[in-house]
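Observations on chain architecture
Chain residues, written in single-letter form:
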Amino acid sequence: MAELAGIKLESTRTKKKTLEPLQCSRCQFINSPTSRFCNNCGLELSKEAIDEVNIAKQQAEMLPEYKLIMKEFEEKIKNIQFSEG
Ligand SMILES: [Zn+2]
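A short tour of the structure in this document, coming up. (Residues numbered from 1 in each chain as written. Predicted model: local features only at pLDDT ≥ 70, side-chain atom pairs only at ≥ 80, totals over all residues. Heavy atoms only, no water.)

**As for unusual backbone geometry**
The phi angle at Gln 28 is positive, at roughly 65 degrees, despite the residue not being glycine. Note that Gln 28 resides in the loop between β1 (22-23) and β2 (30-31). Accessibility expressed as a relative area gives 45% for Gln 28, which makes it partly exposed. (Helix = DSSP H or I, 4+ residues; strand = E, 2+ residues; numbered from the N terminus. Buried < 20%, exposed > 50% of the residue type's maximum accessible area, 1.4 Å probe, protein only.)

Here it is in structure tokens:
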């Protein structure tokens, strides 16, 4: 059984990523294999890209600047609502 597992591991390791055009799942646009985001609509094409965006978002939310920006943004919205009302 250990041998089988070893073979399985080896086969997945040697499996090389082939460079195929990436088709966007949202707009069906054909992007180059190295594209991480759709060149047409900006959708993340790979899981790595999605993770990267999520990590960047999480990191941004932890920054004190982010809270300040959000506070300013909220106040701006409030001001708009007040000036209209
Ligand atoms: Zn797209």
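Continuing now.
**Digging into the coordination of the zinc ion**
Each pair of donors in an ideal octahedron of six around a metal sits at 90 or 180 degrees, and each pair in an ideal tetrahedron of four sits at 109.5 degrees. Distances from the zinc ion to its protein donors, Cys 24 (SG), Cys 27 (SG), Cys 38 (SG) and Cys 41 (SG), fall at 2.3 Å. Note that the zinc ion binds four donor atoms; their angles at the metal cover 104 to 118 degrees, and the shape is tetrahedral. When the donors of the zinc ion are listed by position in the chain, the intervening gaps give C-x2-C-x10-C-x2-C. (Donors = N, O, S within 2.8 Å, 3.2 Å for Na, K, Ca; no water. Tetrahedral: all angles 85-135°; square planar, octahedral: opposite > 155°, others 65-115°.)

**Thoughts on the environment of Phe 29**
Topologically, Phe 29 is positioned in the loop between β1 and β2. By relative accessible area, Phe 29 is classed as partly exposed at 33%. Taking the C-alpha atoms as reference points, Phe 29 and Asn 39, ten residues apart in sequence, are found 7.8 Å from one another. Aside from chain neighbours lying at most four places away, what touches Phe 29 is Leu 22, Gln 23, Cys 24, Cys 38, Asn 39 and Asn 40. (Contact = heavy atoms within 4.5 Å.)

**What to know about the side chain of Ser 35**
Along the chain, the position of Ser 35 falls in the loop between β2 and α2 (47-62). On the accessibility criterion, Ser 35 (11% relative accessible area) is buried. A distance of 2.9 Å separates a polar atom in the side chain of Ser 35 from a polar atom in the side chain of Ser 32. In terms of polar contacts, Ser 35 uses its side chain to reach the side chain of Asn 39, at 3.5 Å. Those residues in contact with Ser 35, other than ones at most four positions away along the chain, are Leu 22 and Leu 45. (Polar contact = N/O pair within 3.5 Å; in protein donor to acceptor, adjacent residues only side chain to side chain.)

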